[in-house]
Structure formats: structure tokens, C-alpha cells
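Chains, contacts and geometry: an overview
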Amino acid sequence: MIIKNGVVFTDEYVFAKADVAFEGGVITQIAPADTLHGADVMDAKGGYVLPGFVDIHTHGAVNFDFCDGNAEGIEKMLAYYGSQGVTTVVPATMSFNQPILADVLDVAIPYFEKEGHGAVLRGVNMEGPFINMDKKGAQNGKYIVNPQIEMFNALYQQCGGRIRLVDIAPELPGSLDFIKAVKDKCTISIAHTNANYDQALAAFEAGASHVTHLFNAMPPFTHRAPGVIGAASDMATFVELISDGFHLHPSVVRAVFNWFGKNRVCLISDCMRATGMPDGDDYSLGGQRVIMQGGKATLEDGTLAGSATNLAEMTRRAIGFGVPMEDALRAATANPATATGLIHQVGSLTAGKQADIVIWNQKLENQAVLVGGKLVAGQ
């Protein structure tokens, strides 16, 4: 198959008129426009040809949650993500105990790296339970504990090393020992924390490299107490942003790209089961009641409960906030793939990688979505 007549977002993070060829689910060639020929052609109709979006922090959609431990739910969520152009997902768990998390992983294991359901499940983001009770947000405090190396190792082994991110509050007892013990197994992210600058810096020096939903569930950045955000500026490899317009002011979204640079920002959805569902109904997150109004999901006390916006739409909103299109796309594709060790498979349109391809029209709307070279949405 050859995609022609499109403006391709290349692996140099610029747009160029080019042809894209793929075979057997793998990209085989990116060539100058009108230089590849064959009988099987897809016309991009002047649209943007993009790598599939890579969401490394999502909880659920279409009234299902990853932690439901429900095979039907996983299939419905993957179908929804794929229909939106999100072709790789690394869903996040919530704060639960080891038996519950083990059950969640048992249901997920058959779906790892499997195509045919829409998006591809390529790992797990262990967001809880090693977080600070004071910054739990929508997490269930019943299950929050100090870092436990043995618990992590058991779950990591159970799923064949598919935990790609684990979150930790570095001020908790045992956190630095935990970081040192697991840093070579997965990416360690600072999250749901009250850490000050020095505590966060110590975590980075021990092996943490990532920050979960920057600004949310952590102390604010001030000129005399820069906290986690200041330490991240100095040492983090990547920071996550939720660009739905509710979690962060558009000015902050622009500022983070300017501050951290286009190569260090990962857009995430943090979306939950209300995503793709109507306003006004009651939903849940981590066993807690969630209400969605105007696309904004909150607990009953008004605490933000993740988002109700998928990653493709997050990217559009970031562009609408004034982030350059190339930078926003990189932050939703290559950067998250790099942060989770998936860049050799996905995250860019590069020969040898999976043919996970999204075609947007000039209005930034989905025209076609392919996963492994197979059409899952659009023309």
C-alpha cells in the first residue's frame, strides 16, 4: 500500500510532501512525493499524514475503565481509541492493593501487542498506590501505601515486564531505595506528591526521569520554593501535560513548551470512562463517583477526576492554544513513545516501524486511521 498526495510529518518533526509505503503492517519506505508507484494506493487528498498517537496515561473511555478487569471493556476501549487516531495505549492503573492489580493484569495480558481491536495495548502505567495521601486527587486513599519493591516486582514479573511507567511520591519512606531498585526495569515518574525541590532532585538523581501531569497533584512552582516543577526543569527527561483547558490554563500549556522545550513534553489524556460519553450521567474512577458537565469530569467535591478528552483532541486543543503544530504532534507521538521505551516500534513514520498512521484533513479532523497497516476508521 502507498499513501500519496499527503503532507507527511516526518521523523525529523517537520512536514514534507512525500509518499509512504507499507507492507505486512510495517512501514517500508518514505520517499519524495510522486516517486513511489503501485496498484494499491490510498489518496490522502492533501491531508496531513501523521504517526498514530501514543497515549501513555489513560484510564478508560466509553464507560469502561482499565481497572475494571473486564475483557469486553478492554476491547471496547481499544476500539474507541483507534477510532480517534490513538493507535498505542499504555493505560494507567489506579491505587489498589496487589490482589486487585494482579487481577487487572491477568485480564490485560492476552491483549499486549495484539492487533485487531483498534489501538494496541503496549504496556501498563502503574499510577498508584505509591503516592502521597495529601495529593491523591481522584485516587482512592484506602489503598495508598509507601513504596513496596516486592509488590512492584511481583506485578512486573506477572505481566512479563510490561509495566512501562511507575509513579512515586519521592518524599515517602523508602522511595529512594525503590527508585534505585527498579530504575532499570521501567520509567519512574514523580506524581501525586508533596515533595519539595530537594526531595524531587534526590529522586531524579536516584533514577527517576519523568513527571506525571505537571502542575497537577503537586505543590505549585514559586520563586522561592520551586518544588517538583523546578527540579523537573533542571533534571527531568520528560514531563506530562493535560491540555484539555481544564487542568491547565492555555497560557501554562504554551509556557511549558517554551520552558521545557519541544523534545521534553508528553501530551497525555488522563482520560477516564466518561470519555466518548454524554454529559450529565454519573461515572466512576477508582471506585469514586464522578460527574461530568461540559466535558469536565469531577468528584462530588469538585476535584478533577482525570479528563474526558482523548489524546487526539488534546493535541488539537494544544494547537488551538498556540503550540506549534509540529511541537504538539511530537509531544503526542515520538516523545511518549521514547519515554516508555516504545520508540523502536511506534511514534514516528520511519521505515521498519509499525504502520500506525493517521490522516487528518485540513481542519485537523480524522480522515483515516490505520493500525498495523489495516484501516480501523475513515476512508
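Residues numbered from 1 in each chain as written. Predicted model: local features only at pLDDT ≥ 70, side-chain atom pairs only at ≥ 80, totals over all residues. Heavy atoms only, no water.

On to the overall build of the protein chain. Helices and strands together make up the secondary structure of the protein chain, namely 10 helices and 23 strands. With the C-alpha coordinates of the protein chain rotated into their principal frame, the extents come out at 60 × 45 × 40 Å. The buried share of the protein chain, reckoned over its 379 residues, is 58%. Of all intrachain contacts in the protein chain linking residues separated by at least 6 positions in sequence, the fraction that spans at least 24 positions is 68%. Just so you have it, the protein chain exposes about 13700 Å², and 49% of that area is on carbon and sulfur atoms. When the 27 positive and 39 negative side-chain charges of the protein chain are each reduced to one mean point, those points stand 3 Å apart. (Helix = DSSP H or I, 4+ residues; strand = E, 2+ residues; numbered from the N terminus. Buried < 20%, exposed > 50% of the residue type's maximum accessible area, 1.4 Å probe, protein only. Contact = heavy atoms within 4.5 Å. Areas by Shrake-Rupley, 256 points an atom, 1.4 Å probe, with all protein chains shown as cover. Lys, Arg positive; Asp, Glu negative; His and termini not counted. Charge placed at Lys NZ, Arg CZ, Asp CG, Glu CD.)

Its place among the elements puts Arg 316 in helix H8 (residues 311-320). Spatially, the C-alpha atom of Arg 316 lies 31 Å from that of Ile 131, the residues being 185 residues apart in sequence. Setting aside anything within four residues of it in sequence, one finds Arg 316 in contact with Trp 360, Leu 364, Glu 365 and Asn 366. In terms of polar contacts, Arg 316 uses its side chain to reach the side chain of Glu 313, at 3.1 Å. A distance of 2.5 Å separates the side chain of Arg 316 from the backbone oxygen of Leu 364, its partner in a polar contact. (Polar contact = N/O pair within 3.5 Å; in protein donor to acceptor, adjacent residues only side chain to side chain.)

In this section: the sheet that holds strand E20 (residues 296-299). Taken in spatial order, the three strands of this open sheet run E18-E19-E20, and their pairing is antiparallel. Both outer strands of the open sheet, strand E18 (282-285) and E20, are each paired with one neighbouring strand and no more. Neighbour to neighbour, the strand axes of the sheet diverge by 40° on average, direction disregarded. Where E18 lies against strand E19 (residues 288-293), four bridges are found, and the strand directions are antiparallel. The residue bridging Asp 282 from the neighbouring strand is Ile 291, located in E19. (Pairing = 2+ DSSP bridges. Axes fitted to C-alpha atoms, helices over the stretch in contact; angles between N-to-C directions.)

Packing of helix H3 (residues 149-158) against helix H4 (residues 175-182) leaves a shortest axis separation of 10 Å and a crossing angle of 30°. Considering the angle they form, H3 stands roughly parallel to H4. Relative to H4, H3 is oriented so that their crossing is right-handed. Between H3 and H4, the residues in contact are Ile 149, Phe 152 and Asn 153 and Asp 177, Phe 178, Ala 181 and Val 182, respectively. (Parallel < 35°, antiparallel > 145°, perpendicular 65-115°, else oblique. Left-handed = near helix turned anticlockwise from the far one by under 90°.)

Here the focus is the nonpolar core. Grouped together as the largest cluster of nonpolar side chains are 109 residues, with contacts concentrated most on Phe 53, Tyr 81, Phe 152 and Trp 360. Residues in contact with Phe 152, not counting those within four places in the same chain, are Met 126, Phe 130, Ile 163, Val 166, Phe 178, Val 182, Lys 185 and Cys 186. In this structure, Val 8, Ala 44, Ile 357 and Ala 368 belong to the second largest nonpolar core, which totals 15 residues. (Core = buried A, V, L, I, M, F, W, Y, C linked by side-chain atoms within 4.5 Å.)

Mapped onto the fold, His 57 is located in the loop between strand E6 (53-55) and strand E7 (60-61). There is a polar contact of 3.1 Å between the side chain of His 57 and the side chain of Glu 127. Excluding residues within four positions of it along the chain, His 57 makes contact with Val 90, Ala 92, Asn 125, Glu 127, Thr 212, His 213, Glu 240, Ile 268, Ser 269, Asp 270 and Cys 271.

The next thing to look at is the side chain of Ser 348. As for its position among the elements, Ser 348 is in the loop between helix H10 (334-339) and strand E21 (357-360). A relative accessible area of 7% means that Ser 348 is categorised as buried. Within the structure, the side chain of Ser 348 is placed 2.7 Å from the side chain of Thr 350, a separation counted as a polar contact. A distance of 2.7 Å separates a polar atom in the side chain of Ser 348 from a polar atom in the side chain of Lys 353. Those residues in contact with Ser 348 that lie beyond four places of it in its chain are Asp 11, Ile 27, Pro 51 and Lys 353.

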